[in-house]
Amino acid sequence: MEYQLCPSILSADFNRLGEQIQTLEGQGLKWLHIDVMDGDFVPSISFGMPLIRSIRRESKMFFDVHLMVTEPERYIQDFAACGADSITVHAEACEDLERTVERIRDAGVKAAIALKPATSVMEVNYLLHDIDMLLLMTVHPGFGGQKYIEDSTDKIIQARQMLKEEGVEIPIQVDGGINEQTLPLVLEAGASRIVAGSYVFGGDMIENIKKIQEIMDPYVDRA
Ligand code: DX5
Ligand code: ZN
């Protein structure tokens, strides 16, 4: 299993966004987590296509676009066209989840499904063979800097078990409240795509990334 730290630019300093993305690339990071919020599926509004299009011109990172948007099917083409490499949609936000996943695939990008903390992993059992990643929210979607929900650890274990039973080898991504204390819990439970926003961008980014990598390294070596 390949491990990736996926910094969420929601916590970046937008006045220096390009520079901060260069810092991430300079540290050898490959994934960039991009949180799009519509003010409807979640209370807050973040940013959309113009921002992604402009950072795409300067960055070779893998753009992991997390859509916290009602009926995301409407925007799949647009996000693919502005540079997404992977599009994640919320199971709770789609009228027809299966068709939305199909649209993402038709657009030629990777497809992932996200689940809110209260949504059971069993809800997407039937689609596991059609997706490239499963995102388990470890906070309520909508804002950076929240506290990790403890029950998430068991949910990750349950999802890992379900994937094994189904014979599906896709990574589990976790998103929300990841820091030095919670990272070991999610890694031990079986997550391998680790989103972190406030932890990475708060203070000295290089120091923060090094601390995360130190904790992740034993898992990367074991993989
Ligand atoms: C929350 C977003 C997260 C958020 C994580 O709705 O999906 O990606 O940026 O932020 P932290 O790591 O600060 O909890
Ligand atoms: Zn996210």
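Residues numbered from 1 in each chain as written. Chains lettered and ligands numbered in written order. Predicted model: local features only at pLDDT ≥ 70, side-chain atom pairs only at ≥ 80, totals over all residues. Heavy atoms only, no water.

### Some thoughts on the overall build of the protein
Right, on to step 1. Scanning the protein from N- to C-terminus turns up eight helices and eight strands.
Right, on to step 2. Taken over C-alpha atoms, the radius of gyration comes to 16 Å for the protein, in line with the 17 Å a tight globule of 223 residues would show.
Right, on to step 3. Taken along the three principal axes of its C-alpha coordinates, the protein extends 40 × 40 × 30 Å.
Right, on to step 4. Out of the 223 residues belonging to the protein, those deemed buried represent 53%.
Right, on to step 5. On the protein, roughly 10,100 Å² of surface is accessible, and the fraction owed to carbon and sulfur atoms is 46%.
Right, on to step 6. Once the 20 positive and 36 negative side-chain charges of the protein are each reduced to a mean point, those two points are 4 Å apart. (Helix = DSSP H or I, 4+ residues; strand = E, 2+ residues; numbered from the N terminus. Rg over C-alpha atoms; globule rule 2.2 N^0.38 Å. Buried < 20%, exposed > 50% of the residue type's maximum accessible area, 1.4 Å probe, protein only. Areas by Shrake-Rupley, 256 points an atom, 1.4 Å probe, with all protein chains shown as cover. Lys, Arg positive; Asp, Glu negative; His and termini not counted. Charge placed at Lys NZ, Arg CZ, Asp CG, Glu CD.)

### Section: the site of ligand 1
Right, on to step 1. Around ligand 1, a shell composed of 20 residues is seen, among which Asp35, Gly142, Asp175, Gly197 and Ser198 lie nearest.
Right, on to step 2. Side-chain polar atom of histidine 66 to an oxygen atom of ligand 1: 3.4 Å apart, as the coordinates give it.
Right, on to step 3. Contact between ligand 1 and serine 198: an oxygen atom at 2.5 Å from a side-chain N or O atom of the residue.
Right, on to step 4. Protein contacts shield 99% of the accessible area of ligand 1, which totals 380 Å² for the unbound molecule.
Right, on to step 5. Only strand 2 (31–37), strand 3 (62–68) and strand 8 (193–196) provide two or more residues apiece to the shell around ligand 1.
Right, on to step 6. Counting residues per element, the shell around ligand 1 draws most heavily on strand 2, which supplies three residues.
Right, on to step 7. When its residues are assigned to classes, the shell around ligand 1 shows eight nonpolar, ten polar and two charged. (Near = heavy atom within 4 Å. Polar contact = N/O pair within 3.5 Å; in protein donor to acceptor, adjacent residues only side chain to side chain. Nonpolar A, V, L, I, M, F, W, Y, C, P; charged D, E, K, R; others polar.)

### Considerations on a negative patch on the surface
Right, on to step 1. On the surface, Glu180, Glu214, Asp217 and Asp221 cluster together into a negatively charged patch.
Right, on to step 2. Inspection of the secondary structure assignment puts glutamate 214 in helix 8 (residues 205–222). (Patch = residues over 30% accessible without salt bridge, like charges linked within 9 Å, V, L, I, M, F, W, Y side chains within 5 Å. Salt bridge = Lys/Arg side-chain N within 4 Å of Asp/Glu carboxyl O.)

### Things to note about the coordination of the zinc ion (ligand 2)
Right, on to step 1. Taken together, the protein ligands of the zinc ion (ligand 2) are His33 (NE2), Asp35 (OD), His66 (ND1) and Asp175 (OD), with distances of 2.0 to 2.3 Å.
Right, on to step 2. Classification of the site at the zinc ion (ligand 2) rests on its six donor atoms, whose angles at the metal span 66 to 169 degrees, yielding the label octahedral.
Right, on to step 3. Read from N- to C-terminus, the donor residues coordinating the zinc ion (ligand 2) fall into the pattern H-x1-D-x30-H-x108-D. Here the residue histidine 33 occupies a position in strand 2, and aspartate 175 occupies one in strand 7 (residues 172–175), the gap between them amounting to 142 residues. (Donors = N, O, S within 2.8 Å, 3.2 Å for Na, K, Ca; no water. Tetrahedral: all angles 85-135°; square planar, octahedral: opposite > 155°, others 65-115°.)

### Topic: helix 1 (residues 17–26)
Right, on to step 1. Regarding helix 1, the residues found buried are Leu17, Gln20, Ile21 and Leu24. One side of helix 1 holds all its buried residues, which, seen down the axis, span an arc of 100 degrees. Among the exposed residues of helix 1, those oriented more than 90 degrees off its buried face are Gln22 and Gly26.
Right, on to step 2. Directly after helix 1, the chain includes glycine 28, whose backbone phi takes a positive value near 85 degrees. (Arc of directions from axis to C-beta.)

### A word on the nonpolar core
Right, on to step 1. One finds Ile9 and Ile34 to be the most contacted residues of the largest nonpolar core, which totals 69 residues.
Right, on to step 2. A total of five residues in this core trace back to one element, the largest contributor, which is helix 8.
Right, on to step 3. Not counting chain neighbours up to four residues away, the residues in contact with isoleucine 9 comprise Phe14, Leu17, Leu32, His33, Ile34, Phe47, Leu51, Ile55 and Phe201. (Core = buried A, V, L, I, M, F, W, Y, C linked by side-chain atoms within 4.5 Å. Contact = heavy atoms within 4.5 Å.)

### A look at the packing of aromatic side chains
Right, on to step 1. If you walk through the whole model with that rule in mind, you get three aromatic pairs.
Right, on to step 2. When the ring of tyrosine 3 is compared with that of tyrosine 219, the centres are 6.3 Å apart and the planes differ by 50 degrees; the resulting orientation is tilted. Of this pair, tyrosine 3 sits in the segment before strand 1 (4–7) while tyrosine 219 sits in helix 8, placing them 216 residues apart in sequence. In this pair, the class of tyrosine 3 matches that of tyrosine 219, namely buried.
Right, on to step 3. Positioned over the ring face of phenylalanine 63 is arginine 56, at 3.7 Å from the centre of the ring. (Phe/Tyr/Trp six-rings, centres within 6.5 Å; stacked < 30°, edge-to-face > 60°. Lys NZ or Arg CZ within 6 Å of the ring centre and 35° of its normal.)

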